[in-house]
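Residue-level structure breakdown
Okay, here's what each chain looks like letter by letter:
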Amino acid sequence: MTDPTLSRGYRLSRVSGILAQLGDCWTLPDPMADERARYLTTRLLHLTRTEEQARKEMSKRGSSGMDVILSTLQNTKDNQVIEGVLNIVQDLLTAPGSNLRARHLVLKGGSAVLLQTLIKLSQESPCSEGLILLHLILCKIGHKDNKFASKARTCGALSVTLNLFQQNIYNYRLSLPCLRVIKLYASSVVNAALMGKNGAIRTLFSLIGPFAGKYSALVKTVLETLGALLKSKTNARQAVDRGNVRKLLEAYQDWHRHDVRQTHIAIRSGMLVCIKHITSINVGCTAFNEAGGTEILYTTAQECLSNRALDSVVNLSTIIMRKCYPKNRLPVPTIFSSIHCPLPMGAPRCNADEEPAVDGDGDSDEATFEQEVDPDDGTDVQEKDEDIETDLRNLRVQPKLDRSEEDLKVYQEFFSELFEDFQHLDKFEESGVCDVELGNCLPTVSFPTAVRDAYDHEGAQAKTPHLASSASKASSGERLENVLNVLDSCSLQESQNGDDAPSSFVINEKVLDDPTGHQKVKHLAPPCSDTGILDGGMHGWGQLCGRCKETISRCYGHEDRTIMKWLLNCGRELPCHALWYATLAKDTRSVMDYSETAFPDFFGHTVPTEKEPLVKRQYGVQRSKIFKDIERLLFPEDVIDKVVYDLDDPRSLAHSEDALIFSSKFESGNLRKAIQIRKHEYDLITNSDINTTRHHLWFYFKVSNMECNVPYRFNLVNCEKVNSQFNFGMQPVMYSMRKALQEQQGWTRIGTDICYYRNSFFRSSAATGGQRGKSYYTLTFTVTFTYVDDICYFAYHYPYTYTSLMTHIRELASNIDAKKVYFRQETLCSSLGGNRCPVLTITAMPHSANHSDVQLFRNRPYVFLTARVHPGESNASWVMHGILNFLLGSCPLAQSVREAFVLKIVPMLNPDGVINGSYRCSLSGDDLNRQWKNPSLILHPIIYHTKGLLQYLSNLQRTPLVFCDFHGHSRKKNIFLYGCSLNETLLQSKSKYRSSDMCEDLAYRKLPRILHKIAPAFCMNSCSFVVEKSKASTARVVVWRDIGVLRSYTMESTYCGCDQGPYKDQQIDTHKLEEMGTKFCLALLKLRRSMHSPEVGLAGSTALCDAIETIYKPSSKFHVLDNEPSCSSERVDYSEESQDEHDENEDEVMAATENSLEQGKQVALLVVYLNSCATSLTMAHSTFALMLLHAHIRFNSPQSWQSLRGYTWSHKKGYLRAHDEASRPHLPVPCPHA
């Protein structure tokens, strides 16, 4: 019996032998060579058709099969040999594995050889079997070769294939392959135009006609090829000139009418694709509209909506109708903001933010409407390689001063903590009263009331008997009257900085003198529960005191009676901060001189108790909204088109009973115009940033006079970004005054049928930085109101105003424990609009006035935090809100943070933009986060002086340990950091540099890694440490490169929600943002602890457990580089993923304790205690804690005991470590009964 292995080897040797003979036969004379080649190709064809192994042998790597075949085609002139070789290639490309063989053939230069063979065969026989085979082969390899179209044009194959098709239209065996090859040729617009001039468009349109099922295969291929040819605008114009638009529409109608069984969807879609390409030029749109195309496609699309199989037809129809919708300008008198602010005389004009935003092409179209599209509309999402910095001179940390040391001395007064001797601490020990230094820059307001601290309680009551002693006897109206009387007793005191600084209120109390000349004011607690408006049993207008009426009337004007009526009916108390807000709001200066106060800011926000999940987009919602927009054109009689709110011409409006009443004349408000389209539908236009023509994203307005249980549609029609998180689950926020009073509900996510799409309003080149063809986008959402005659506020995100910040600082400052907290609030400077910019200093008071304690105090490292440089990023302020709440709170862990650092905080870098409702710019029209490299003292005073503070520290060799600028991100989910790294920038740019250049300290990755572990909303995978050229003047890059702060970050917080971690598929809210602020502070403490600083202690194991107990196991591993030494430089190995051993152990311990969390918090607290506090534990403490842990889990949770049995514990080098038994030597587990 024959061995099959030997048989196969024999066959393979035959294939190799035949190939070798075929390659050698061309050394023979021509007649003999052709005859020999015919014989060999016949044998080889037989083997490839009968033996799979023969086909593999010919195309495997290292085989000469393809080379021999291609050389045969080049050398032979015999048609029989050519046909034989083409049959061999055809068999190879149709058998399994054909894709790999096609690529192999292309790599061997097969495309050019086959095209040359095409020219050769067409000259000898105009219609042969070889031509059919050749075009079939070209169809299969053409899309594998990126240069196939240019090769065809170079060798002259375009006219050959086109002529073959025109001469053999009804010879389907040849015409169909020719059409497919023409389609491949047309992937080059140049080729498409050349073939169009040679009659391709005319020929193909002649084959399109009414419904004919018999020729459906040919018509389908014709339409596919025609669609490719019409991408050329020359061909599209030719189709318009020949009247083919009307012909296509008539043919489409006929096929739509007769295709009852929906078997020819591809043909109908092909016709729409051709129409889409024709309408990409203006004359095509005009011809489409003149032929009644919108009515035809609208009618046919409506008939297709019920069938999901026809989605491609409906989507293409929608694209065409939107494209051909008449383009209009926004109905505003100018593209500039309706609010104008004159700049100082002689001030230099900066245009750092005038580079055009990365937007989509106005002539491009979305491929589909029902699937998500990656939001790629800016450099924050995906930077182009050209934008990555590659100049090593710009990637080196080179601390330098752009001001003289003499100029920097002006900032010394903001660092009194470095020079304070704290002798008043001794007086505090004797008297029990601490005078808190406030500095020269800021007159301080304090509100005396009953003090919570026991040591000063009696004294405070004696000074303010009208509030403290009579509070229990007075009615709520009298209590409010008393508080307002105290406010009226405040006297205006001019700022010590000069007349330009705004004045503030100071209580007429005795001001203690200080030898240094600094003012000191005793901090007292704010009015809280004793300042309520109403008691539950009070009714009628008489019970509301005159001062209350006056305050509400001053804030709300014509709505005062409505608000006071609701307050009475609900029996609610006025929050303690409301009066403060009303008082401080009078010092807030706006360009428009707002006359109202937004009720949500005045009354306060309550965090929703229920989770707010990301909204799942309803199928077909976007195209249904687009159809409604198209109906405005088709049925103009149904459109009201009535302006109901207009900032440009407010006197021309007359309110109607059947229309909503709009307003945005309050702090941070932004609404320029409201137009009633239908009874319950409104188009809204927002203001651009002051002194610019762009940045329409932030909106904040109120509505009233609504009906209940009726859906209202709101369309914000001048959005600029090409995509938005509103398409991916995000909702706007709404604040209902009646729900706030009756149900204690604050800002909530609201809205249904939310979508974001391009509209028919075009943007002028002046608004796009010189680019043409840009369109605006529409954000649309539907709201159903619960109450009649409610007053509701809508906003892009949870608002956080400048006055809210100042009120919050006052609240916190008046409640701090002056024995523990060193707190200073100073005015850094006045903004361009005359508003004060506060700078805060927070740390812990030294333990005593002893020299050693004071020196430890002065040697604490600095952390510098800034926020809200972009006014519309209110989420950044909510994170800062959480940071301030934590740092000035009474939590023992907050004391540990204060003892570890001195925190300098500028909580709002752009107060003017926030006040005036801008999204990105200041009053100068500049993006302040692009001015850090060279800020102007006149136009950008806050950036100028904030940079001065940092340079002053750098000059003192006190460079901050961490700098973080807090921002919001409109196109990504989660919260993440941007940092700066030379290594990662060079690797991302794929540049080649010497290994000596790739050397840097890796400590910049430590803080984001800590945040990834302890902050549920933080995502390490979203972090980036690449330095871009376009970001060279941002705070993050300038502070890193010019100030020398290694850990210089931008924290980006999503507007939308999270797609990972415990908050997955939930929308972000103020609680999560404030929590992020707290976690950031905890991460700073953990960062400090990881640096093994001996003077940094922890406030106590209990406090640490309480703070860190929310550490969770991240759902996905994040990419890390290498162990991160804090004070040394090393080369980065980017080829591996590794972690600190300590961090790995934390993950292992937390993974082992996940199941035990449900059995009791004691177990989780013990594990976290062991993991986090190990450095401060003795051996006795750790052994005892381990025994407790094992005993609890063993006897109360067998499953958790089993999960921990796989780990053994050891105490080594100050850490408790968990060891996996599978990979480490076994160590004895402490016996629970010991």
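**A closer look at the overall build of the protein chain**
The secondary structure content of the protein chain amounts to 46 helices and 26 strands. Relative to its 1234 residues, the protein chain shows a buried fraction of 59%. Taking contacts inside the protein chain between residues at least 6 apart in sequence as the whole, the part at least 24 apart equals 77%. Surface exposure of the protein chain reaches about 50,200 Å², of which carbon and sulfur atoms provide 50%.

**A few points about the sheet that holds strand β6 (residues 661-663)**
Read across the sheet, 5 strands follow the order β6-β9-β15-β11-β12 without closing on themselves; strand pairing throughout is antiparallel. The open sheet terminates on both sides in strands that have one partner only, identified here as β6 and β12 (748-749). Bridge count for strand β11 (residues 733-736) against strand β15 (residues 792-795) is 4 bridges, and the pairing is antiparallel. Within β15, the residue paired with Y735 across the bridge is Y793.

**With respect to the packing of helix α34 (residues 874-887) against helix α41 (residues 1070-1090)**
Look at α34 against α41: their axes get within 7 Å of each other, and the N-to-C directions meet at 55 degrees. Looking at the two axes, α34 sits oblique to α41. The handedness of the crossing between α34 and α41 comes out as right-handed. Here N875, W878, V879, H881, G882, I883, N885, F886 and L887 of α34 lie close against α41, whose contacting residues are T1070, L1073, E1074, M1076, G1077, T1078, F1080, C1081 and L1082. Of the residues belonging to the contact of α34 with α41, the class tally is 10 nonpolar, 7 polar and 1 charged.

**Some points on the packing of aromatic side chains**
With the rule as written, the count across this model stands at 37 aromatic pairs. A centroid spacing of 4.9 Å and a plane angle of 75 degrees characterise the contact between F666 and Y700, whose relative ring orientation is edge-to-face. Of this pair, F666 sits in the loop between β6 and β7 (673-678) while Y700 sits in strand β9 (residues 700-704), and the two are 34 residues apart along the sequence. Neither residue differs from the other here; F666 and Y700 are each classed as buried. With 5.4 Å between their ring centres and 75 degrees between their planes, F966 and F1080 make a pair best called edge-to-face.

**A look at unusual backbone geometry**
Phi is positive for H695, which is not a glycine, with a value near 70 degrees. Considering the arrangement of structural elements, one finds H695 in the loop between β8 (681-685) and β9. Residue class for H695 comes out buried when judged on its relative accessible area of 9%.

**What about the confidence of the model for the protein chain?**
The pLDDT averaged across the protein chain works out to 76; a share of 70% of its residues lies at or above 70. Here residues 1105-1185 is modelled with pLDDT under 50, and outside its nearest four sequence neighbours on either side it reaches 174 contacts, counting other chains as well. The low-confidence segment residues 1190-1234 (pLDDT under 50) makes 82 contacts with residues lying over four places distant or belonging to another chain.

**Comments concerning the pairing of strand β21 (residues 975-978)**
Covered by surrounding structure in β21 are I975 and L977 together with F976 and Y978, the residues of both alternating faces. Pairing geometry for β21 and strand β23 (residues 1047-1054), over 4 bridges, is antiparallel. When the bridges of β23 are listed, I975 appears paired with S1053.

**Looking at the sheet that holds strand β17 (residues 836-844)**
Strand pairs in the sheet, formed through backbone hydrogen bonds, run parallel or antiparallel to each other. The strand order across the open sheet formed by 7 strands is β16-β17-β19-β18-β20-β23-β21, and the pairing between neighbours is mixed. Looking along the sheet, the strands with just one partner apiece sit at the ends: β16 (821-830) and β21. In this sheet, neighbouring strand axes are inclined to one another by 20 degrees on average, regardless of whether the strands run parallel or antiparallel.

**Here's the deal with helix α39 (residues 1006-1014)**
Burial of α39 is extensive: 9 of the 9 residues sit out of reach of the surface. Here α39 has its buried residues at K1006, L1007, P1008, R1009, I1010, L1011, H1012, K1013 and I1014.

**Details of the packing of helix α5 (residues 79-94) against helix α6 (residues 98-107)**
Put simply, α5 and α6 touch, their axes get as near as 7 Å, and they point 130 degrees apart. On the basis of their axis angle, the class for α5 and α6 is oblique. On α6, the residues touching V89, L92, L93 and T94 of α5 are S98, R101, A102 and L105. Residues that form the contact of α5 with α6 fall into these classes: 5 nonpolar, 2 polar and 1 charged.

**Observations concerning a nonpolar patch on the surface**
A cluster of nonpolar side chains, contributed by Y170, Y172 and Y215, occupies part of the molecular surface with about 340 Å² of accessible area. For Y170, the position within the fold is in the loop between α10 (157-167) and α11 (172-185). You can call Y170 exposed: its relative accessible area is 62%.

**So, the pattern of salt bridges**
For side chains of opposite charge, pairing can occur when their charged atoms come near one another. Within this structure, the stated rule accounts for 30 salt bridges. D402 serves as the salt-bridge partner of K947, at 3.0 Å between the closest nitrogen and oxygen. With K947 in helix α37 (residues 941-955) and D402 in the loop between α20 (311-324) and α21 (405-408), this residue pair connects regions lying 545 residues apart in the sequence. Residue classification places D402 among the partly exposed residues on the basis of a relative accessible area of 46%. Between D927 and R930 there is a salt bridge, and its shortest N-O distance comes to 3.9 Å.

**Considering the nonpolar core**
With 128 residues, the main nonpolar core has F662, F714, F966 and F1080 as its most contacted residues. Broken down by element, this core gets its largest block of residues, 9 residues, from α41. Setting aside residues no more than four positions away along its own chain, F714 makes contact with L660, F662, Y682, L684, L779, T780, F781, V783, F785 and F794. In terms of nonpolar packing, the next biggest core, distinct from the first, is built from 114 residues, M66, L207, I278 and M321 among them.

**Regarding the environment of A266**
Among the secondary structure elements, A266 is positioned in helix α17 (residues 265-278). When its relative accessible area of 42% is taken as the criterion, A266 is described as partly exposed. As a C-alpha pair, A266 and T221 span 45 residues in sequence and 9.8 Å in three-dimensional space.

**Concerning the side chain of N718**
Note that N718 resides in strand β10 (residues 711-719). Residues contacting N718, with those up to four places away along its chain left out, are L330, L684, I685, T686, H696, Y776 and Y777.

**Some thoughts on the environment of T801**
Its location among the elements puts T801 in the loop between β15 and α32 (802-813). Taking the C-alpha atoms as reference, T801 lies 8.5 Å from P911; in sequence the two are 110 residues apart. What T801 contacts, discounting residues up to four positions off in sequence, is Y581, D601, E667, S668, M908 and V914. Engagement of the side chain of T801 in a polar contact is seen with the side chain of S804, the distance being 2.7 Å.

**Digging into helix α15 (residues 233-241)**
Side chains of residues three or four places apart in an α-helix project in the same direction, reflecting 3.6 residues per turn. Turning to α15, its buried residues are N235, A236, Q238, A239 and V240. Positioned one or two residues after α15, G243 has a phi angle of 75 degrees, which is positive.

**Digging into the pairing of β15**
Taken residue by residue, a regular strand's side chains alternate between the two faces of the sheet. Both faces of β15 are covered, namely the face carrying C792 and F794 and the face carrying Y793 and A795. Relative to β15, β9 runs antiparallel, the two being bridged by 4 bridges. Residue pairing across strands places F701 opposite F794, the latter belonging to β15.

Rules used throughout
- Residues numbered from 1 in each chain as written.
- Predicted model: local features only at pLDDT ≥ 70, side-chain atom pairs only at ≥ 80, totals over all residues.
- Heavy atoms only, no water.
- Helix = DSSP H or I, 4+ residues; strand = E, 2+ residues; numbered from the N terminus.
- Buried < 20%, exposed > 50% of the residue type's maximum accessible area, 1.4 Å probe, protein only.
- Contact = heavy atoms within 4.5 Å.
- Areas by Shrake-Rupley, 256 points an atom, 1.4 Å probe, with all protein chains shown as cover.
- Pairing = 2+ DSSP bridges.
- Axes fitted to C-alpha atoms, helices over the stretch in contact; angles between N-to-C directions.
- Parallel < 35°, antiparallel > 145°, perpendicular 65-115°, else oblique.
- Left-handed = near helix turned anticlockwise from the far one by under 90°.
- Nonpolar A, V, L, I, M, F, W, Y, C, P; charged D, E, K, R; others polar.
- Phe/Tyr/Trp six-rings, centres within 6.5 Å; stacked < 30°, edge-to-face > 60°.
- pLDDT = per-residue confidence, 0-100.
- Patch = residues over 30% accessible without salt bridge, like charges linked within 9 Å, V, L, I, M, F, W, Y side chains within 5 Å.
- Salt bridge = Lys/Arg side-chain N within 4 Å of Asp/Glu carboxyl O.
- Core = buried A, V, L, I, M, F, W, Y, C linked by side-chain atoms within 4.5 Å.
- Polar contact = N/O pair within 3.5 Å; in protein donor to acceptor, adjacent residues only side chain to side chain.

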